[in-house]
Amino acid sequence: MPALSSLTSMRVGGEPASIKECATREELIAAAQELWSTGEDWIVVGGGTNLVFAEDVGNLNVLLVKTSGIEKTKSDGKQVWKIQAGVGWDELVAEAVSEGLAGIEGMSGIPGTCGASPV
């Protein structure tokens, strides 16, 4: 199992009790519900930015968000995008710019994933 130092931008942190990688929304929900029911210590990690872990994290369980995809639809004449939590913020900005949408381009370069971004 990898140490948390390999999953974070700060490159610090020991080996946790478990790491569950979730590639779909459904996997993430099921894994979270299962883990929460145990009462054990847990954390959700997306891109791993702005996280600092101790070396002694042997009691910590990690849910690693690896969901992907941007679903584009229209509703009442407006564009509606559903963005998975694991999509990189820069990926979202690039997609919006490629679609000719304005307003988000100034947020390029923000590290992390959309699931961790402020709304």
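Along each chain, residues carry numbers from 1 onward, in the same order as the chain's sequence is written. Only residues with pLDDT of at least 70 are given local features in this predicted model, and only at 80 or more are side-chain atom pairs given and counted; all residues enter the totals for whole chains, interfaces and linings. To obtain the side-chain values, all non-hydrogen atoms of the structure were used and water was disregarded.

J.: What is the right way to read helix α2 (residues 89-98) from this model?
T.: Two residues of an α-helix separated by three or four positions point the same way, owing to the 3.6 residues in each turn. When a residue's accessible area, from a 1.4 Å probe over protein chains only, is under 20% of the maximum for its type it is buried; when over 50% it is exposed; and in between it is partly exposed. Here a helix means four or more residues in a row that DSSP labels H or I, a strand means two or more in a row labelled E, and each is numbered from the N terminus. Considered for burial, the residues of α2 that qualify are Trp-89, Leu-92, Val-93 and Ala-96. Buried residues in α2, looked at end-on, bunch into an arc of 100 degrees, giving them a common side. Contacts were defined at the residue level, with two residues in contact if any of their heavy atoms lie within 4.5 Å. Buried positions along α2 lie against β4 (70-75) and β5 (78-83). Positioned one or two residues after α2, Gly-100 has a phi angle of 80 degrees, which is positive. Along the arc lie the directions from the helix axis toward the C-beta atoms.

J.: It is not clear to me how a nonpolar patch on the surface should be interpreted in this structure. Could you clarify?
T.: Any residue with relative accessible area above 30% and no salt bridge may belong to a patch, with like charges joined within 9 Å and the nonpolar Val, Leu, Ile, Met, Phe, Trp and Tyr side chains within 5 Å. Using the Shrake-Rupley algorithm and a 1.4 Å probe, accessible areas are obtained, with residue cover drawn only from the displayed protein chains. Salt bridge, as used here: a side-chain nitrogen of Lys or Arg that lies within 4 Å of a carboxyl oxygen of Asp or Glu. A cluster of nonpolar side chains, contributed by Trp-36, Trp-42 and Val-44, occupies part of the molecular surface with about 310 Å² of accessible area. Of note, Val-44 is situated in strand β2 (residues 41-45).

J.: Quick question: what am I supposed to make of the environment of Thr-49 here?
T.: Along the chain, Thr-49 falls in the loop between β2 and β3 (60-65). For the pair Thr-49 and Ser-9, spaced 40 residues apart in the sequence, the C-alpha separation amounts to 5.2 Å. Every residue in contact with Thr-49, bar those within four places of it in the chain, is listed here: Ser-9, Pro-111 and Gly-112.

J.: Looking at this structure, I do not really get the packing of aromatic side chains. What am I missing?
T.: Aromatic rings in a pair are described by how distant their centres are and how their planes are angled relative to each other. Each Phe, Tyr or Trp ring (for Trp, its six-membered ring) is paired with any other whose centre lies within 6.5 Å, and the angle between the two planes then decides the class: stacked below 30 degrees, edge-to-face above 60, tilted in between. A full pass over the atoms with the stated rule returns 1 aromatic pair. A centroid spacing of 5.5 Å and a plane angle of 50 degrees characterise the contact between Trp-36 and Trp-42, whose relative ring orientation is tilted. A relative accessible area of 46% means that Trp-36 is categorised as partly exposed.

J.: Mind showing me how you'd approach the pairing of β5 here?
T.: Here is the key point about a regular strand: its side chains alternate between the two faces of the sheet. Any two strands are treated as partners once DSSP identifies two or more bridges connecting them. In this sheet, β5 lies alongside β4 in antiparallel orientation, the contact comprising 6 bridges. By the bridge assignment, Ser-75 is partnered in β5 with Lys-78. Where β4 hands over to β5, the hairpin turn is made up of 2 residues, of which Asp-76 adopts a positive phi near 50 degrees.

J.: Please clarify how helix α1 (residues 25-38) should be interpreted in this entry.
T.: Taking 1.5 Å per residue, 14 residues should reach 20 Å; α1 reaches 20 Å between its end C-alpha atoms and fits that length. For α1, the full list of buried residues reads Leu-28, Ala-31, Ala-32 and Leu-35. Looking down the long axis of α1, one finds its buried residues gathered within 100 degrees of arc, a one-sided arrangement. Exposed and facing more than 90 degrees away from the buried side of α1 are Glu-26, Gln-33, Glu-34 and Ser-37. On its buried face, α1 sits against β1 (18-22), β2 and β3. Immediately downstream of α1, the backbone of Gly-39 shows phi near 80 degrees, a positive value. In a helix, the anticipated span is given by 1.5 Å times the number of residues less one.

J.: Explain the sheet that holds β2 to me, please; I cannot follow it from the model alone.
T.: Pairing between the strands of a sheet is mediated by backbone hydrogen bonds and can be parallel or antiparallel. Taken in spatial order, the 3 strands line up as β1-β3-β2 in an open sheet, and their pairing is parallel. Each edge of the sheet is formed by a strand with only one pairing partner; in this case those strands are β1 and β2. Across this sheet, the average inter-strand angle for adjacent strands is 20 degrees, counted without regard to direction. Relative to β3, β1 runs parallel, the two being bridged by 5 bridges. Residue pairing in the sheet places Ser-18 in a bridge with Asn-61 of β3. Each of β1, β2 and β3 is contacted by α1, which is oriented at about 170 degrees to β3, the strand it contacts most. Axis geometry follows a simple rule: fit a line to the C-alpha atoms, using only the stretch in contact for helices, then measure angles between N-to-C directions, giving values from 0 to 180 degrees.

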